[in-house]
Amino acid sequence: MKLAGVFVVLFLSLVAQTGWAQRVAAPEPSRGLMPNPTRGKPLYEANCATCHGESLTGTDKGPAFLHRVYVPEHHGDAAFQLAVRNGSRQHHWKFGDMAPVPGLSADDVAHITAYVRARQRRAGVQ
């Protein structure tokens, strides 16, 4: 059992050193964009609320954003960009995988994220 662990560590070290691991770059909002929660609210309501709830408290289709697991230290703003563009595999909750959300630009997602972060701060989720 210990030998298998050593091989895993060696393999992961090799992957890190050789660049075998694919790096995924998050979409970048426009240079100089000032993400605005007021602009993000209607975008959130139109694209996210069905699963994550009008009040960000979740539904039977998706988790609440007013939860400690979504604080910036754990799920940074880039995670929102990547989830919208690529979807997200189920990893914290049992709602299934999240599909990509078509039709949203990186700027739109930045505004949505600003709205989510503002609501998190008001709810004391930091």
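Given the structure is predicted, the values throughout are model-derived calculations rather than measurements.

Caption draft 1: Molecular detail of unusual backbone geometry. Backbone geometry places Leu56, a non-glycine residue, at a positive phi of 65°. Relative to the elements of secondary structure, Leu56 occurs in the loop between α3 (49-52) and α4 (77-86).

Caption draft 2: Structural context of the packing of α4 against helix α5 (residues 106-123). Where α4 contacts α5, the axes come no closer than 10 Å and their chain directions differ by 130°. Of the possible angle classes, the one that applies to α4 and α5 is oblique. Here α4 and α5 pass one another in a crossing that is right-handed. Counting all contacts with α4, which are made through Asp77, Phe80, Gln81 and Val84, the residues of α5 involved are Ala106, Val109, Ala110, Thr113, Val116 and Arg117. Here the residues of the contact of α4 with α5 sort into six nonpolar, two polar and two charged.

Caption draft 3: Here's a closer look at the nonpolar core. Ranked by internal contacts, the top residues of the largest apolar core, which has 15 residues, are Tyr44, Leu56, Phe65, Leu104, Ile112 and Val116. For this core, the elements supplying multiple residues, two or more each, are α4 and α5. Sort the elements by how many residues they give to this core and α5 lands first, with four residues. When neighbours within four sequence positions are excluded, Tyr44 is seen to be in contact with Ala49, His52, Gly53, Glu54, Leu56, Phe65, Ile112, Tyr115 and Val116.

Caption draft 4: Main features of the packing of helix α2 (residues 37-47) against α5. At a closest axis distance of 7 Å, the pairing of α2 and α5 adopts a crossing angle of 100°. On the basis of their axis angle, the class for α2 and α5 is roughly perpendicular. Seen from α2, the contacting residues are Pro37, Arg39, Gly40, Lys41, Leu43 and Tyr44; seen from α5, they are Asp108, His111, Ile112, Ala114, Tyr115, Val116 and Ala118. Classifying every residue of the contact of α2 with α5 gives eight nonpolar, two polar and three charged.

Caption draft 5: Focus on the pattern of salt bridges. Tallied over the entire structure, the rule returns two salt bridges. We note a salt bridge from Lys41 to Glu45, for which the minimum N-O separation is 2.8 Å. Here Lys41 pairs with Glu45, and both are found in helix α2, just four residues apart, close to one helical turn. What makes Lys41 partly exposed here is its relative accessible area of 38%. Classification of Glu45 by relative accessible area gives partly exposed; the value is 31%. A salt bridge links Asp77 to Arg117, with the shortest nitrogen-to-oxygen separation between them at 2.9 Å. Taken together, the positions of Asp77 in helix α4 and Arg117 in helix α5 put the pair 40 residues apart, joining distant regions of the chain.

Caption draft 6: Quick look at α5. Between its first and last C-alpha atoms α5 spans 25 Å; for 18 residues at 1.5 Å apiece the expected length is 26 Å, and the two agree. One or two positions beyond α5, positive phi appears at Gly124, with a value near 80°.

Caption draft 7: Looking closely at the packing of aromatic side chains. On inspection of all chains with the given rule, the structure shows four aromatic pairs. Ring geometry for Phe65 versus Tyr70: centroids 5.1 Å apart, planes at 85°, classification edge-to-face. Tyr70 sits in the buried class, given a relative accessible area of 9%. An aromatic cluster is defined as three or more aromatic residues linked by ring pairs; in this entry it consists of Tyr44, Phe65, Tyr70, Phe80 and Tyr115.

Rules of the game
- Residues numbered from 1 in each chain as written.
- Predicted model: local features only at pLDDT ≥ 70, side-chain atom pairs only at ≥ 80, totals over all residues.
- Heavy atoms only, no water.
- Helix = DSSP H or I, 4+ residues; strand = E, 2+ residues; numbered from the N terminus.
- Axes fitted to C-alpha atoms, helices over the stretch in contact; angles between N-to-C directions.
- Parallel < 35°, antiparallel > 145°, perpendicular 65-115°, else oblique.
- Left-handed = near helix turned anticlockwise from the far one by under 90°.
- Contact = heavy atoms within 4.5 Å.
- Nonpolar A, V, L, I, M, F, W, Y, C, P; charged D, E, K, R; others polar.
- Core = buried A, V, L, I, M, F, W, Y, C linked by side-chain atoms within 4.5 Å.
- Buried < 20%, exposed > 50% of the residue type's maximum accessible area, 1.4 Å probe, protein only.
- Salt bridge = Lys/Arg side-chain N within 4 Å of Asp/Glu carboxyl O.
- Expected span 1.5 Å × (residues − 1).
- Phe/Tyr/Trp six-rings, centres within 6.5 Å; stacked < 30°, edge-to-face > 60°.

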